[in-house]
Number of protein chains: 2
Amino acid sequence: MARTALIYSGGVDSTVLLAHLRAEGRELHCLSVDYGQRHRRELEAARAICAHYGVSHRLADLRALAPLFGSNALTGGVKVPEGHYEEESMKATVVPNRNMLLISVATAWAVSLRAESVAYGAHSGDHAIYPDCRPEFAEALDRAVRLADWHEVRLERPFVKMDKAAIVRRGAELGVPFGLTWSCYVGGERHCGKCGTCVERKEAFRLAGVADPTDYAA
Amino acid sequence: MARTALIYSGGVDSTVLLAHLRAEGRELHCLSVDYGQRHRRELEAARAICAHYGVSHRLADLRALAPLFGSNALTGGVKVPEGHYEEESMKATVVPNRNMLLISVATAWAVSLRAESVAYGAHSGDHAIYPDCRPEFAEALDRAVRLADWHEVRLERPFVKMDKAAIVRRGAELGVPFGLTWSCYVGGERHCGKCGTCVERKEAFRLAGVADPTDYAA
């Protein structure tokens, strides 16, 4: 059985990816990364969903690195902006080099597990404000990942040609427990319904024609 | 003044690189990574040498990741092997994907510092047992680093065509305080003189024709 290390946030995209790869018969090992995000509910969501699916789950604790990242809205020091991702203010949600960091840690773990791949939930709607969501970044990093050890690990982005609505539709086919997933960046007890990621989440369910079980505050 | 984040171990190669870049007039920011190595003396050496040169020094604490790495001789669980790097047993010193991890963290820091480059002390004698010392790995990762943020950061390996003896000679020209540097992997109070990195250190001074101030136990 193909063994895969999945970078797993507990959000919609990576949860559908978990269900999608599991349906393919993969042996999954899920890795969530604690980088000091204020939306810590996503880490609890990740744990609960891995338990739901009976797949292995580990937490990589990178909180000690937070002082190196400078101020940003996800780790503190700046207010989480509201509205659409297109707006300039959403640049405050950028954690420098986050994707390379997550992929580096997941690759180290994949090598020690003798896994064949590291998968993550990049999709076609990933935003141009995130430089490390560009395909040419992912391609260069994929090449580096393959060369990082004698045991070759591939980088997989199975949803890279799908948009978020298509991912929600795929999740509905697979019976994903969307009510357990977490997206909101604000860090309250309920999804705020107003931050960029809540707005995007609502829209994806609407465009997919799938009932949204989320309990939004607004 | 060009600003550079230097991946700095407190060993011979990166200390000579520190002195070399400082002589070029760079504004240096040195980053040492604590990944749970048993040779913790190198972290103390790094701090002392940065103080000697009056350059900024930060420690990135990755100890929380050690459980993901599996057993290896540098973080515990396996005895540090003796002898030359060519020997099979030295494979036990491999920390999976260590270079990508260090470079990812340094790049995140470089972005937040608005530095122009991340430099590290790779050299021509880096050993084929370390897959992440291969030039094609470094080239792919350099491309990923340049694309990781809108603020472009370069990856620099100024000593990549020099061997360790040439690095020692360059250090002697620059007046590097070699007696403050630390190489030994064993983690004792003195350099053991027998592990792969001690053997290599001794040989580099001998080949360079530079007096070796190291206090070896054997």
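Residues numbered from 1 in each chain as written. Chains lettered and ligands numbered in written order. Predicted model: local features only at pLDDT ≥ 70, side-chain atom pairs only at ≥ 80, totals over all residues. Heavy atoms only, no water.

Now for the interface of chain B and chain A. Taken together, the contact between chain B and chain A spans 39 residues of the former and 39 residues of the latter. Considering only the surface of chain B that becomes buried against chain A, Leu68, Leu147 and Trp150 of chain B emerge as the three largest contributors, covering 21% of it. The interface formed by chain B and chain A holds 0 salt bridges in total. For the interface between chain B and chain A, the tally reads 9 residue pairs in polar contact (both at pLDDT 80 or more). Elements supplying a minimum of two residues to the side of chain B that touches chain A: strand E3 (56–61), helix H3 (66–69), helix H4 (98–113) and helix H5 (135–147) of chain B. For the side of chain B that touches chain A, the leading source of residues is H4 of chain B, giving 9 residues. When the residues that make up the side of chain B that touches chain A are grouped by side-chain class, the tally is 27 nonpolar, 5 polar and 7 charged. (Contact = heavy atoms within 4.5 Å. Buried area = accessible area lost by both parts, 1.4 Å probe. Salt bridge = Lys/Arg side-chain N within 4 Å of Asp/Glu carboxyl O. Polar contact = N/O pair within 3.5 Å; in protein donor to acceptor, adjacent residues only side chain to side chain. Helix = DSSP H or I, 4+ residues; strand = E, 2+ residues; numbered from the N terminus. Nonpolar A, V, L, I, M, F, W, Y, C, P; charged D, E, K, R; others polar.)

As a further point, take helix H4 (residues 98–113) of chain A. Residue and element names in this part refer to chain A. The end-to-end C-alpha separation of H4 is 22 Å, in line with the 22 Å expected for 16 residues at 1.5 Å each. Within H4, 15 of the 16 residues are buried, which leaves the element mostly enclosed by the surrounding structure. Phi turns positive one or two residues past the end of H4, at Arg114, with a value near 60°. (Expected span 1.5 Å × (residues − 1). Buried < 20%, exposed > 50% of the residue type's maximum accessible area, 1.4 Å probe, protein only.)

Residue and element names in this part refer to chain B. Summarising the sheet, strand E2 (residues 27–34) and E3 pair through 6 bridges and their orientation is parallel. Each residue of the ladder has a partner; that of Val33, found in E3, is Ala60. You can see the chain leave E2, run along helix H2 (residues 41–53) and come back into E3, and the turn it takes is right-handed. (Pairing = 2+ DSSP bridges. Right-handed = clockwise from strand over helix to strand, strands pointing away.)

Attention now moves to the relation of the copies chain B and chain A. Least-squares fitting of chain B to chain A yields an RMSD of 0.0 Å, with the transformation described by 0.0 Å of translation along the axis and a rotation of 180°. Accordingly, the operation relating the two chain copies is best matched by a two-fold axis. Measuring from the rotation axis to each C-alpha of chain B, the shortest distance belongs to Ala140 of chain B, at 2.7 Å. The residues that chain B uses at the interface reappear at the interface of chain A in 100% of cases, marking a shared surface. (Least-squares fit on C-alpha atoms with pLDDT ≥ 70 in both.)

Moving on, we come to the sheet that holds strand E3 (residues 56–61) of chain A. Residue and element names in this part refer to chain A. Strand order across the open sheet formed by 5 strands is E3-E2-E1-E4-E5, with parallel pairing between neighbours. Taken across any chain shown, the strands that pair with only one partner, and hence form the sheet edges, are E3 and strand E5 (154–156). Between one strand axis and the next, the sheet turns by 25° as a mean value, whatever way the strands run. Pairing geometry for strand E1 (residues 3–7) and strand E4 (residues 117–119), over 3 bridges, is parallel. Bridging from a neighbouring strand, Leu6 pairs with Ala119 of E4. On top of the sheet, helix H1 (residues 12–23) reaches E1, strand E2 (27–34) and E4; it is set at about 170° to E1, its chief contact. (Axes fitted to C-alpha atoms, helices over the stretch in contact; angles between N-to-C directions.)

Chemically, a disulfide is nothing more than a covalent bond linking the sulfur atoms of two cysteines. Residues and elements named next belong to chain B. Summed over the entire model, instances satisfying the criterion amount to 0 disulfides over all chains. In this structure Cys198 is not part of a disulfide, and its nearest cysteine sulfur, from Cys184, lies 3.8 Å away. Residue classification places Cys198 among the buried residues on the basis of a relative accessible area of 0%. (Disulfide = S-S within 2.5 Å.)

With that settled, consider the packing of aromatic side chains. Think of a pair of aromatic rings as described by two things: how far the centres are apart, and how the planes are tilted against each other in angle. All names here are of chain A. Following the criterion strictly, the structure yields 2 aromatic pairs over all chains and no others. On the numbers, 5.0 Å between centres and 85° between planes, the contact of Phe178 with Phe205 is edge-to-face. Of this pair, Phe178 sits in the loop between helix H6 (164–173) and helix H7 (196–208) while Phe205 sits in helix H7; the two residues are 27 residues apart in sequence, bridging distant segments of the chain. Owing to a relative accessible area of 1%, Phe205 belongs among the buried residues under this scheme. A cation over an aromatic ring shows up here: Lys202 above the ring of Tyr216, its NZ or CZ 4.9 Å from the ring centre. (Phe/Tyr/Trp six-rings, centres within 6.5 Å; stacked < 30°, edge-to-face > 60°. Lys NZ or Arg CZ within 6 Å of the ring centre and 35° of its normal.)

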